[in-house]
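Working through the structure, step by step
So you can see what is in the structure, the chains are spelled out below.
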Amino acid sequence: AAGVIQSPRHLIKEKRETATLKCYPIPRHDTVYWYQQGPGQDPQFLISFYEKMQSDKGSIPDRFSAQQFSDYHSELNMSSLELGDSALYFCASSLSGNSGNTIYFGEGSWLTVV
Amino acid sequence: AQSVTQLGSHVSVSEGALVLLRCNYSSSVPPYLFWYVQYPNQGLQLLLKYTTGATLVKGINGFEAEFKKSETSFHLTKPSAHMSDAAEYFCAVNTLGGKLIFGQGTELSVKP
């Protein structure tokens, strides 16, 4: 079965640069989530989209922005990168309508800021 | 607001021993509860979930968890640990808005 696809899997950027992460949700899933997991930490919710509209916002820095496109893929844009942005970034998707629906995670994108 | 607390950031068991990973939740509404496993350098994989109905939930790889409303707990167990179970385990609660709130995680080590 198709899973959540994230790219790139690994990314190295310098401070103050910009990075873009891409996410392709499971087909027919209408909700996309972005999470950030720092070293040794639990995943922290950043932002979510339902049917291409932002549905919820968590601890996402103002330097970050995201959107969901007409084909349901999503991109997380990170500007003015800081060393502390180094983390594993997860995209996840689900079918809306029931909070008990499973949220499926991608393999993650490793961002290293040097 | 919902929250999750996992007791013990690191648990070590011998191969073949019982695995018990503790999770307590706080929720103002009936919760939907999940356990995810994360192997090194990999994504999060769903082990099992509780939504409604039977309070004892069976998941993959021989794991199960019991929802106890009176104790606000959702502990994860496995009768006999295997070396391949070594990983990080996250308990999570699903909010009304849909997003997951994770606990701090418990690293499970399995000794031969």
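Coordinates for the structure precede this section.
In what follows, the accompanying structure is described. (Residues numbered from 1 in each chain as written. Chains lettered and ligands numbered in written order. Predicted model: local features only at pLDDT ≥ 70, side-chain atom pairs only at ≥ 80, totals over all residues. Heavy atoms only, no water.)

**Digging into the interface of chain A and chain B**
Listed as interface residues are 21 residues of chain A and, on the opposing side, 21 residues of chain B. In total, chain A and chain B occlude about 1,700 Å² of area from one another, counting both sides; carbon and sulfur atoms represent 52% of this. At the boundary of chain A and chain B, one finds one salt bridge. Between D56 of chain A and K99 of chain B there is a salt bridge whose closest N-O contact spans 2.7 Å. Elements with a minimum of two residues in the side of chain A that touches chain B: β4 (31-37) and β9 (87-94) of chain A. (Contact = heavy atoms within 4.5 Å. Buried area = accessible area lost by both parts, 1.4 Å probe. Salt bridge = Lys/Arg side-chain N within 4 Å of Asp/Glu carboxyl O. Helix = DSSP H or I, 4+ residues; strand = E, 2+ residues; numbered from the N terminus.)

**Observations concerning the packing of aromatic side chains**
Evaluated as defined, the whole model comprises 13 aromatic pairs over all chains. In textbook terms, an aromatic cluster arises when at least three aromatic residues are bridged by ring pairs, as seen for Y35, F45, F90 and F105 of chain A together with F34, Y36, F90 and F102 of chain B. (Phe/Tyr/Trp six-rings, centres within 6.5 Å; stacked < 30°, edge-to-face > 60°.)

**Regarding the layout of surface pockets**
Put simply, the largest pocket is a space of about 400 Å³. For the largest pocket, the lining is made up of 21 residues, of which Q37, G40 and Q41 of chain A together with Q38 and E88 of chain B are closest to its centre. With three residues, strand β9 (residues 87-94) of chain B is the largest single contributor of residues to the lining of the largest pocket. Its residues placed into classes, the lining of the largest pocket shows eight nonpolar, 11 polar and two charged. Its boundaries defined by the atoms lining it, the second largest pocket holds a volume of some 250 Å³. For the lining of the second largest pocket, the leading source of residues is strand β5 (residues 44-50) of chain B, giving three residues. Within the lining of the second largest pocket, the residues separate by chemical class into 11 nonpolar, five polar and one charged. (1 Å grid on protein atoms, 1.4 Å probe; cavity = no way out; pocket = protein on both sides within 12 Å on 5 of 7 lines; lining within 4 Å. Points joined across faces, edges and corners; volume = space filled by probe spheres on them. Nonpolar A, V, L, I, M, F, W, Y, C, P; charged D, E, K, R; others polar.)

**Here we look at the pattern of salt bridges**
All names here are of chain A. Going through the model one piece at a time under the given rule, you end up with six salt bridges over all chains. Here R63 and D85 are joined by a salt bridge, their closest N and O atoms 2.8 Å apart. Of this pair, R63 sits in the loop between β6 (53-57) and β7 (64-68) while D85 sits in the loop between β8 (74-78) and β9, and the two are 22 residues apart along the sequence. Since its relative accessible area comes to 4%, D85 is described here as buried. Through salt bridges with shared partners, one network takes in R63, E82 and D85. (Buried < 20%, exposed > 50% of the residue type's maximum accessible area, 1.4 Å probe, protein only.)

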